[in-house]
Amino acid sequence: MKLLISPAVEPARFSKIESTVAGLGTVVNAADDAQALAEMADADAFFGRITPALLARGERLRWIQAPTASMEHYLFPELVEHSAVLTNMRGLFNDCIADQVLGYITCFARNLHLYIRRQTSGRWEPVGGEQTRTGFQFGAGLQTPIDLEHRQLTGATLGIVGLGGIGAEIAARGVACHMRVVAVDPARTEPVPGMEALWPINELPCLLSESDYVVVAAPHTPETAGLFGRAQFQQMKPTAYFINIGRGAIVRLADLCAALRAKEIAGAALDVFEVEPLPPEHPLWQFDNVILTPHVAGMAPLIAERHLQVLLDNLRRFAQGKELLNIVDKRRWY
């Protein structure tokens, strides 16, 4: 077995890869494109950024390990048609991205995004003001204040678009917080334990109309590009929040801004955008009911080690003729 790596990985990582391959074959850490092209002809496996030129030289190539989880910028027509098995890095980010989503939801429920802004100006005042934030519930001769501005997660409906690894982890957190959890997915049929419902993708309008928090956790595919436009936001409750940690191409930002201006939804949180970085003049920066983060939901201390472990596990499996982890359906982009 010969593994070709391009671009080259750092020495410490290469040493661990080389130790795994020892006795099973050879590994080449290509210093530049010219070396990668020269070494590709007899490579059985490849790790890194494959290009049409490299693929054309891969006469013996049987397996390609992508260094990314997303496939929209990795695939090209020749690769889709090639017989080599493609694997990716999905599954590494499930828990940390779910943590971020739960953070967004908690911020919106408890108005933390607004209180942080008020803190900078020394403003002590409940959201809604003393006169508008409470109603009264009558019973047994008592008047009990009911807070209309501050929500709790218990009993709220969490709607998830895409119940893959990340979506399932988000669902599990919703269940743990005593939320009603529903999801749509084009392929998955088994719900996460404790979920109320898992529907096919054609039930998206139902999910939008029922959810207090709508979370996009889907990959970018030909089917999901531009999936969320003005019509979808208008199907949501005016009190609902929209969250996108999937892919920027799924959401039309001009339509999201229009929905926010028209108060068709209560607010939004985004970690991914149609154009990155988001231009400083973009109107999304000006909404106080919007949380923007710079594509950091997948960042966490454990990711680098997990990334290496997927590669090493698949190296052993490939050498032993076993089924590989994270096989990609190249025509579906995931």
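Described in the following lines is the structure provided in the data block. Not measured: the values here are computed from a predicted model.

Moving on, we come to the nonpolar core. Core analysis: the largest hydrophobic core is formed by 53 residues, its most contacted members being I17, L158, I170, Y213 and I245. The dominant element in this core, judged by the number of residues it contributes, is helix α5 (residues 94-110), at nine residues. If near-sequence neighbours (up to four positions away) are discounted, I170 is found in contact with A98, V101, L158, I160, V215, A217 and I245. Judged by nonpolar contacts, the second largest core, of 32 residues, contains W199, F242, L256 and A259.

Attention now moves to the pattern of salt bridges. Throughout the structure, instances matching the rule amount to 16 salt bridges. Put simply, E125 and R123 hold a salt bridge, and the shortest N to O gap is 3.2 Å. The partly exposed category is assigned to R123, whose relative accessible area is 44%. By sharing partners, the salt bridges in this structure join K2, E39 and D42 into a single network.

On to unusual backbone geometry, then. Across the junction of S6 and P7, the peptide omega takes the value -5 degrees, indicating a cis bond. Position of P7 among the secondary structure elements: in the loop between β1 (2-6) and α1 (11-21). A cis geometry characterises the amide bond from E276 onward to P277, with omega recorded as -5 degrees. Considering the arrangement of structural elements, one finds P277 in the loop between β13 (267-270) and β14 (290-292). A positive phi angle is found at K263, which is not glycine, with a value near 60 degrees. You can see K263 is positioned in the loop between α11 (253-261) and β13.

Counting buried residues along strand β8 (residues 157-161), five of its five residues qualify, which places the element largely inside the surrounding structure. The alternating pattern of β8 places T157, G159 and V161 on one face and L158 and I160 on the opposite face, and all of these are buried. Of the pairings in the sheet, the one linking β8 to strand β9 (residues 180-184) comprises five bridges and is parallel in character. Considered in β9, the bridge of L158 is made with V181.

Of the residues making up α1, those classed as buried are R13, F14, I17, T20 and V21. Buried residues along α1 cover an arc of 120 degrees about the axis, so they all sit on one side. Looking at α1, the residues exposed on the side facing more than 90 degrees away from the buried face are P11, A12 and S19. The secondary structure elements touched by the buried residues of α1 are β1, β2 (26-29) and α12 (303-319).

Let's shift gears to the sheet that holds strand β5 (residues 85-87). If you walk across this open sheet you meet the five strands as β2-β1-β3-β4-β5, and the pairing is parallel. In this open sheet, the two strands that pair with only one neighbour each are β2 and β5. Strand after strand, the sheet turns through a mean of 15 degrees between neighbouring axes, direction not considered. Relative to β2, α1 is tilted by about 160 degrees, and along the sheet it contacts β1 and β2. Running at roughly 170 degrees to strand β4 (residues 63-65), α12 makes contact with β1, β3 (45-48), β4 and β5 of the sheet.

Another point: the packing of aromatic side chains. Using the criterion set out here, one finds six aromatic pairs in the structure. Taken together, a centroid distance of 5.1 Å and an interplanar angle of 45 degrees make the contact between F228 and F242 tilted. Highlighted residues: F228 in the loop between β11 (213-216) and α10 (230-234) and F242 in strand β12 (residues 241-244), separated in sequence by 14 residues. An identical accessibility class is assigned to F228 and F242; each is buried. Here the aromatic rings of F233 and F242 are separated by 5.1 Å at their centres, their planes lie at 90 degrees, and the arrangement is edge-to-face.

So, how was this worked out
- Residues numbered from 1 in each chain as written.
- Predicted model: local features only at pLDDT ≥ 70, side-chain atom pairs only at ≥ 80, totals over all residues.
- Heavy atoms only, no water.
- Core = buried A, V, L, I, M, F, W, Y, C linked by side-chain atoms within 4.5 Å.
- Buried < 20%, exposed > 50% of the residue type's maximum accessible area, 1.4 Å probe, protein only.
- Helix = DSSP H or I, 4+ residues; strand = E, 2+ residues; numbered from the N terminus.
- Contact = heavy atoms within 4.5 Å.
- Salt bridge = Lys/Arg side-chain N within 4 Å of Asp/Glu carboxyl O.
- Pairing = 2+ DSSP bridges.
- Arc of directions from axis to C-beta.
- Axes fitted to C-alpha atoms, helices over the stretch in contact; angles between N-to-C directions.
- Phe/Tyr/Trp six-rings, centres within 6.5 Å; stacked < 30°, edge-to-face > 60°.

Any functional reading would require information beyond the geometric quantities listed.
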